[in-house]
Amino acid sequence: SGQALTQANRAKQVVRSAQRTAPAGGLVVRLMDGDPAAFSGLVAEAQACRRAGVPFEIVPGVSTASSVPLYAGVPLTSKDGGEVHLVDAADRHTDWSLSVADHVSVVVVGEPAEIARAVTALEAAGRDAETPVALTCGGTTTDQHTVVVPLGTAAAAVTEHCSGQTVAVVGPQV
């Protein structure tokens, strides 16, 4: 239709598809990639279904923020610290000063340009430029690859090595 696929437009498509394809009393399954409860249109789709009288259930899966690092062999915590901050790389209102302590693991999920901006902001807020960062691109797919770099070079590395959704884990456990 030429319209941008916003969360609202996607929600309308989900409702139309469900109404068109589900026989009376049938079941329509909507699978979402990534983390459906964070950084996605799950809420908009559920609200649209409710307004349209389309029954639905939400079945939680495994979060991108934990599954991708786990699959890459990167722990989110260590014996030296268990505090984890999960950040949407597209959020331009993040208070990075809350994540500068050495014992804090920071997990940033987003597109490479957003990740680059986020890690630059984290370093500018005071996180040590030598802190290791694992950049995992194509998480849990056959294209998955991870590069480990210091925070000070992570912005350049993510734009060089990644395309599509990327998960960055910042912390000494990397």
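The rules behind the values
Residues numbered from 1 in each chain as written. Predicted model: local features only at pLDDT ≥ 70, side-chain atom pairs only at ≥ 80, totals over all residues. Heavy atoms only, no water. Patch = residues over 30% accessible without salt bridge, like charges linked within 9 Å, V, L, I, M, F, W, Y side chains within 5 Å. Areas by Shrake-Rupley, 256 points an atom, 1.4 Å probe, with all protein chains shown as cover. Salt bridge = Lys/Arg side-chain N within 4 Å of Asp/Glu carboxyl O. Lys, Arg positive; Asp, Glu negative; His and termini not counted. Charge placed at Lys NZ, Arg CZ, Asp CG, Glu CD. Helix = DSSP H or I, 4+ residues; strand = E, 2+ residues; numbered from the N terminus. Buried < 20%, exposed > 50% of the residue type's maximum accessible area, 1.4 Å probe, protein only. Pairing = 2+ DSSP bridges.

## Things to note about a negative patch on the surface
Then step 1. Taken together, the side chains of Asp102, Glu123, Asp128 and Glu130 make up a negatively charged region of the molecular surface.
Then step 2. Along the polypeptide, aspartate 102 turns up in the loop between β1 (83–88) and β2 (104–110).
Then step 3. Note on aspartate 102: relative accessible area 55%, which makes it exposed.

## Looking at the environment of arginine 16
Then step 1. Within the secondary structure, arginine 16 sits in helix α1 (residues 7–21).
Then step 2. Among the residues examined, arginine 16 registers a relative accessible area of 46% and is labelled partly exposed.

## Structural notes on unusual backbone geometry
Trans is the common state for peptide bonds, and a negative phi is the common state for residues other than glycine.
Then step 1. In this structure, threonine 140 takes a positive phi of about 60 degrees despite not being glycine.
Then step 2. Structurally, threonine 140 can be placed in the loop between β3 (132–137) and β4 (145–150).
Then step 3. A relative accessible area of 45% places threonine 140 in the partly exposed class.

## A look at the pairing of β3
Then step 1. Judged by how many residues are buried, β3 sits mostly within the fold: 5 of 6 residues are covered.
Then step 2. The sheet contact formed by β3 and β4 spans 6 bridges and is antiparallel. The residue of β4 that forms the bridge with leucine 135 is valine 147.
Then step 3. Note: β3 against strand β5 (residues 166–170), 5 bridges, orientation antiparallel. Across the sheet, the residue bridging to valine 133 is valine 170, located in β5.

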